[in-house]
Amino acid sequence: MNIVLYEPEMPANTGNIGRTCAATGTRLHLIEPLGFKLNEKALRRAGLDYWEKLDVTVYSDYQDFLDKKPKALNKLYFATTKAHRVYSDVAYEPDCYLMFGKESGGIPEELLIENEDRCIRIPMWGEIRSLNLSNSVSIVLYEALRQQGFEKMELEGELHRLQWKSRES
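Residues numbered from 1 in each chain as written. Predicted model: local features only at pLDDT ≥ 70, side-chain atom pairs only at ≥ 80, totals over all residues. Heavy atoms only, no water.

Q: Talk me through helix 1 (residues 11-24); I want residue IDs and the actual numbers.
A: Helix length check: helix 1 (14 residues) gives 20 Å between terminal C-alpha atoms against 20 Å at 1.5 Å per residue, within 8%. Among all positions of helix 1, only Pro11, Asn13, Thr14, Gly15, Ile17, Gly18, Thr20, Cys21 and Thr24 are buried. Looking at the residues trailing helix 1, positive phi occurs at Gly25, about 70°. (Helix = DSSP H or I, 4+ residues; strand = E, 2+ residues; numbered from the N terminus. Expected span 1.5 Å × (residues − 1). Buried < 20%, exposed > 50% of the residue type's maximum accessible area, 1.4 Å probe, protein only.)

Q: Before we move on, could you go through the sheet that holds strand 6 (residues 97-100) and cite the residues and values that matter?
A: The strand order 3-2-1-6-4-7-5 describes an open sheet built from seven strands, whose pairing is parallel. If you trace the sheet from one side to the other, it starts and ends with strand 3 (56-59) and strand 5 (85-86), each paired once. For strand 1 (residues 2-6) and strand 2 (residues 27-31), the ladder comprises five bridges, and the chain directions are parallel. Bridged to Leu5 within strand 2 is Leu30. Across the sheet, helix 1 is in contact with strand 1 and strand 2; its angle to strand 2 comes to roughly 155°. (Pairing = 2+ DSSP bridges. Contact = heavy atoms within 4.5 Å. Axes fitted to C-alpha atoms, helices over the stretch in contact; angles between N-to-C directions.)

Q: Lay out the environment of Ile139 in plain terms, naming residues and giving numbers.
A: Mapped onto the secondary structure, Ile139 falls in helix 5 (residues 133-147). Linking Ile139 and Ser88, residues 51 residues apart in sequence, is a C-alpha distance of 9.6 Å. For Ile139, the contacting residues outside a window of four places in its chain are Tyr87, Ile122 and Leu131.

Q: Could you give an account of the pattern of salt bridges, naming the residues involved and the relevant values?
A: Within this structure, the stated rule accounts for four salt bridges. Put simply, Asp64 and Lys68 hold a salt bridge, and the shortest N to O gap is 3.2 Å. Of this pair, Asp64 and Lys68 both sit in helix 3 (residues 62-68), four residues apart, which is roughly one turn of that helix. Residues Lys75 and Asp95 are paired through a salt bridge, measuring 2.6 Å at the closest nitrogen-oxygen approach. Taken together, the residues Lys75 in the loop between helix 3 and strand 4 (76-79) and Asp95 in the loop between strand 5 and strand 6 connect sequence positions 20 residues apart. (Salt bridge = Lys/Arg side-chain N within 4 Å of Asp/Glu carboxyl O.)

Geometric values such as these leave the question of function open.
Pasting the structure below:
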């Protein structure tokens, strides 16, 4: 899987997204301009020590992203509150790209219009403008991963001090 952040502005959100990407084996693509420096303390704090385990690439702009990832366009989904289609109604490919826009304005409408059939939304109630960016990434990413059977992911956990009752025998 691939997460694409279009001009992210908040280092803490990007750090949280980076941590989620590291925990899921997902590549992170950042399209400039960024609203922070990659060595910023807030980014590192939110990403913890997982940032070093992250596969992250930075692109100078959207065209640079397309130039370096020409096959991405046919597998790119655009998350926006303006879409007609719900994110859970899509059959995601294992190597698809999930794009999320900047916190203050989302993905430019010019890109949305050009890719209307691949725009997706998370349903919300009432007049709420949007969810937190890192929460939105997690919701859509985990749906895509679920559809792939959580391939190569740990599906069970263990307690530290005790054992689950079902495991004692």
